[in-house]
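# Chains, contacts and geometry: an overview
For reference, the chains in residue letters:
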There are 2 protein chains.
Amino acid sequence: MDGIRVIACDIFGTTVDWYTGVADQVADLLPDVDAGGFASQWRDKYVPSMANVREGRRDWAYLDTLHRESLDELLERHGLDPDEDTRRRLVLAWHRLPAWPDSLDGLTRLRERYTLAALSNGGFALLTTLVKAAHLPFDCILSAELARAYKPDPVAYRTAARLLDVEPGEVLMVAAHGWDLDGARAAGLRTAFLERPGEKGPDRRADRAADVTADVSVASFTELAEVLSRV
Amino acid sequence: MDGIRVIACDIFGTTVDWYTGVADQVADLLPDVDAGGFASQWRDKYVPSMANVREGRRDWAYLDTLHRESLDELLERHGLDPDEDTRRRLVLAWHRLPAWPDSLDGLTRLRERYTLAALSNGGFALLTTLVKAAHLPFDCILSAELARAYKPDPVAYRTAARLLDVEPGEVLMVAAHGWDLDGARAAGLRTAFLERPGEKGPDRRADRAADVTADVSVASFTELAEVLSRV
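Here goes a summary of the coordinates provided. (Residues numbered from 1 in each chain as written. Chains lettered and ligands numbered in written order. Predicted model: local features only at pLDDT ≥ 70, side-chain atom pairs only at ≥ 80, totals over all residues. Heavy atoms only, no water.)

We now examine the overall build of chain A. Scanning chain A for helices and strands turns up eleven helices and six strands. Rg of the C-alpha trace for chain A: 17 Å, near the compact-globule value of 17 Å for 231 residues, within the 12% margin. Reported as C-alpha extents along the three principal axes, the dimensions of chain A are approximately 55 × 35 × 30 Å. Across chain A, the fraction of contacts at a sequence separation of at least 24, relative to all contacts at a separation of at least 6, is 65%. (Helix = DSSP H or I, 4+ residues; strand = E, 2+ residues; numbered from the N terminus. Rg over C-alpha atoms; globule rule 2.2 N^0.38 Å. Contact = heavy atoms within 4.5 Å.)

See the structure below:
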């Protein structure tokens, strides 16, 4: 773990609790559906929708656009037809999500020693809004949008290192998802798995440390700050 | 001034005092030269060096590269030949500069109501380092590097608005230089002139409010926060 200069943090699930945040907003806007189930089904379409971009089946599209397309499909499947304003507000649910309880304290400690970057597939505007609303102390926002390539495409990680003028091996990627860390490692980054057992809500199994390959595994950002303080 | 959502701040001269910061570091590294004069002569090459990129006489080059080329020319003109390490440290002088006394307070107040972005011709890594070292509370870093186009090219300003998903007219560009505000206005942004009489040191005349066209003119970030609080 020596030689690290930048900590790049995944956001959805790793730094903020998308499940609770989206389910709460769905409950407000679509009072007749199972909000948690709806949030989960929406998120299920996340990785496949980006794969269409990554694998060249469509041109670059912003995450808001992918979220909107997934939402429209899901609403039709549920036999729902809310108005345009409601659909727009549902897409914006992903712009305002609560931080996990340890995120503020752990990130604040990590920032004392490292450059702290948000590195997410969320768009630059989405991430700026979300990080500001959650009062998270990032030094900079680094979106996949800047590379026009979604994680786990190696270009997304390497663009982050290039913009911060460091070698890929000087970046520690922190994520709650094995697929994200696999992509980071393939691009030459170091990897920290942050186990978030409740990330997918009460009815789904989140990635667990035993299943994931990473340089280090922790249960919170606070624990990561402690581990790195001993390096 | 209504309808503004983003405040985009120029950095060198507007938010930080490049003259004092660079001169202090030149005095340390090149003790036999007139440090203030050297800093001014180096800065004189700034706009012309970027014009070569803007006007297509050379490909995109990072500001660090332009600063290094200008430095090498200037050292030769002064008959100086410091070693490579000294030259590198001189280029890095532009990465660590002191904030003007009003910047922290004024920016903190502006951030309560607006998305606050650094929008400079400095590289993304340079700006991230500089903003972190000066403890300035920006929500995001927006470098000309992200557009690969230097201000006052309209593309630099429009890319900033696009990344933050706002219309150009929803962005207020704050700068101490008329040429920057002229570029911002041509790109459709709103403009605030921040008068910094000491920006170029004691022997040079900085841009003054009477010479500059802008939607509003102020003498500090604190005054700008006050003016906008009345909108």
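Note on sheets: strands pair through backbone hydrogen bonds, and any given pair is parallel or antiparallel. Residues and elements named next belong to chain A. Pairing is parallel in the open sheet, where six strands are placed in the order S3-S2-S1-S4-S5-S6. Each edge of the sheet is formed by a strand with only one pairing partner; in this case those strands are strand S3 (140–143) and strand S6 (216–218). Adjacent strand axes in the sheet meet at a mean angle of 25° when their direction is disregarded. Sheet topology places strand S1 (residues 6–9) next to strand S4 (residues 171–175); four bridges connect them, and they run parallel. What sits directly across from Ala8, in S4, is Met173. (Pairing = 2+ DSSP bridges. Axes fitted to C-alpha atoms, helices over the stretch in contact; angles between N-to-C directions.)

With that settled, consider the relation of the copies chain A and chain B. Least-squares fitting of chain A to chain B yields an RMSD of 0.0 Å, with the transformation described by 0.0 Å of translation along the axis and a rotation of 180°. Viewed as a symmetry operation, the transformation between the two copies matches a two-fold axis. Of the C-alpha atoms belonging to chain A, the one lying closest to the rotation axis is found on A:Cys140, 2.7 Å away. A share of 100% of the interface residues of chain A reappears at the interface of chain B, consistent with the copies meeting face to face through the same patch. (Least-squares fit on C-alpha atoms with pLDDT ≥ 70 in both.)

All names here are of chain A. Relative to the helices and strands, Gly198 resides in the loop between strand S5 (190–194) and S6. Among the residues examined, Gly198 registers a relative accessible area of 39% and is labelled partly exposed. A C-alpha to C-alpha distance of 8.6 Å links Gly198 and Tyr19, two positions 179 residues apart in sequence. (Buried < 20%, exposed > 50% of the residue type's maximum accessible area, 1.4 Å probe, protein only.)

Here the focus is the interface of chain A and chain B. Interface size is commonly expressed as the accessible surface area that is lost when the partners come together. Chain A puts 18 residues into the contact, and the matching count from chain B is 18 residues. A combined buried area of about 1,600 Å² lies between chain A and chain B, and 60% of that area is made up of carbon and sulfur atoms. Considering only the surface of chain A that becomes buried against chain B, A:Phe124, A:Lys132 and A:Leu163 emerge as the three largest contributors, covering 34% of it. Applying the counting rule to chain A against chain B returns four salt bridges. The partner of A:Lys132 in a salt bridge is B:Asp139, and the shortest N-O contact between them spans 2.6 Å. Scanning the region where chain A abuts chain B turns up eight residue pairs in polar contact (both at pLDDT 80 or more). Looking at the side of chain A that touches chain B, the elements with two or more residues in it are helix H7 (124–133), S3, helix H8 (144–147) and helix H9 (154–163) of chain A. (Buried area = accessible area lost by both parts, 1.4 Å probe. Salt bridge = Lys/Arg side-chain N within 4 Å of Asp/Glu carboxyl O. Polar contact = N/O pair within 3.5 Å; in protein donor to acceptor, adjacent residues only side chain to side chain.)

Further remarks concern the packing of helix H2 (residues 35–44) of chain B against helix H4 (residues 63–77) of chain B. Relative orientation and spacing of two packed helices are given, respectively, by the angle between their axes and the distance between those axes. Residue and element names in this part refer to chain B. The geometry of H2 relative to H4 is characterised by a closest axis approach of 9 Å and an angle of 130° between their N-to-C directions. Accordingly, the angle class assigned to the pair H2 and H4 is oblique. When the axes of H2 and H4 are compared, the crossing they make is right-handed. Between H2 and H4, the contacting residues are Phe38, Gln41 and Trp42 on the first element and His67, Ser70, Leu71, Leu74, Leu75 and Arg77 on the second. Of the residues that constitute the contact of H2 with H4, the class distribution is five nonpolar, three polar and one charged. (Parallel < 35°, antiparallel > 145°, perpendicular 65-115°, else oblique. Left-handed = near helix turned anticlockwise from the far one by under 90°. Nonpolar A, V, L, I, M, F, W, Y, C, P; charged D, E, K, R; others polar.)

Here the focus is the sheet that holds strand S1 (residues 6–9) of chain B. All names here are of chain B. Pairing in this open sheet of six strands is parallel, and the strands run S3-S2-S1-S4-S5-S6 from one edge to the other. Two strands in the sheet have a free side with no partner beyond their single neighbour: strand S3 (140–143) and strand S6 (216–218). Across the sheet, the axes of successive neighbouring strands diverge by a mean angle of 25°, strand direction being ignored. With three bridges connecting them, strand S5 (residues 190–194) and S6 associate as parallel partners. In the sheet register, Phe193 faces S6, and the bridge partner there is Ser217. In the packing of helix H9 (residues 154–163) onto the sheet, contacts are made with strand S2 (115–120), S3 and strand S4 (171–175), and the angle to S2 comes to roughly 150°. In the packing of helix H11 (residues 221–229) onto the sheet, the strands contacted are S1, S4, S5 and S6, and the crossing angle to S6 comes to about 135°.

The computed volume of the largest pocket comes to approximately 890 Å³. If you trace the largest pocket, you find 34 residues lining it, with A:Asp165, B:Leu92, B:His95, B:Ala125 and B:Thr129 closest to the centre. Counting residues per element, the lining of the largest pocket draws most heavily on helix H7 (residues 124–133) of chain B, at seven residues. Looking at the lining of the largest pocket residue by residue, the class counts come to 13 nonpolar, seven polar and 14 charged. There is about 610 Å³ of room inside the second largest pocket. As for the second largest pocket, its lining consists of 25 residues, of which A:Leu92, A:His95, A:Ala125, A:Thr129 and B:Arg5 are closest to the centre. Secondary structure elements with two or more residues in the lining of the second largest pocket: helix H4 (63–77), helix H5 (84–92) and H7 of chain A. For the lining of the second largest pocket, the leading source of residues is H7(A), giving six residues. Grouping the amino acids of the lining of the second largest pocket by side-chain chemistry returns ten nonpolar, five polar and ten charged. (1 Å grid on protein atoms, 1.4 Å probe; cavity = no way out; pocket = protein on both sides within 12 Å on 5 of 7 lines; lining within 4 Å. Points joined across faces, edges and corners; volume = space filled by probe spheres on them.)

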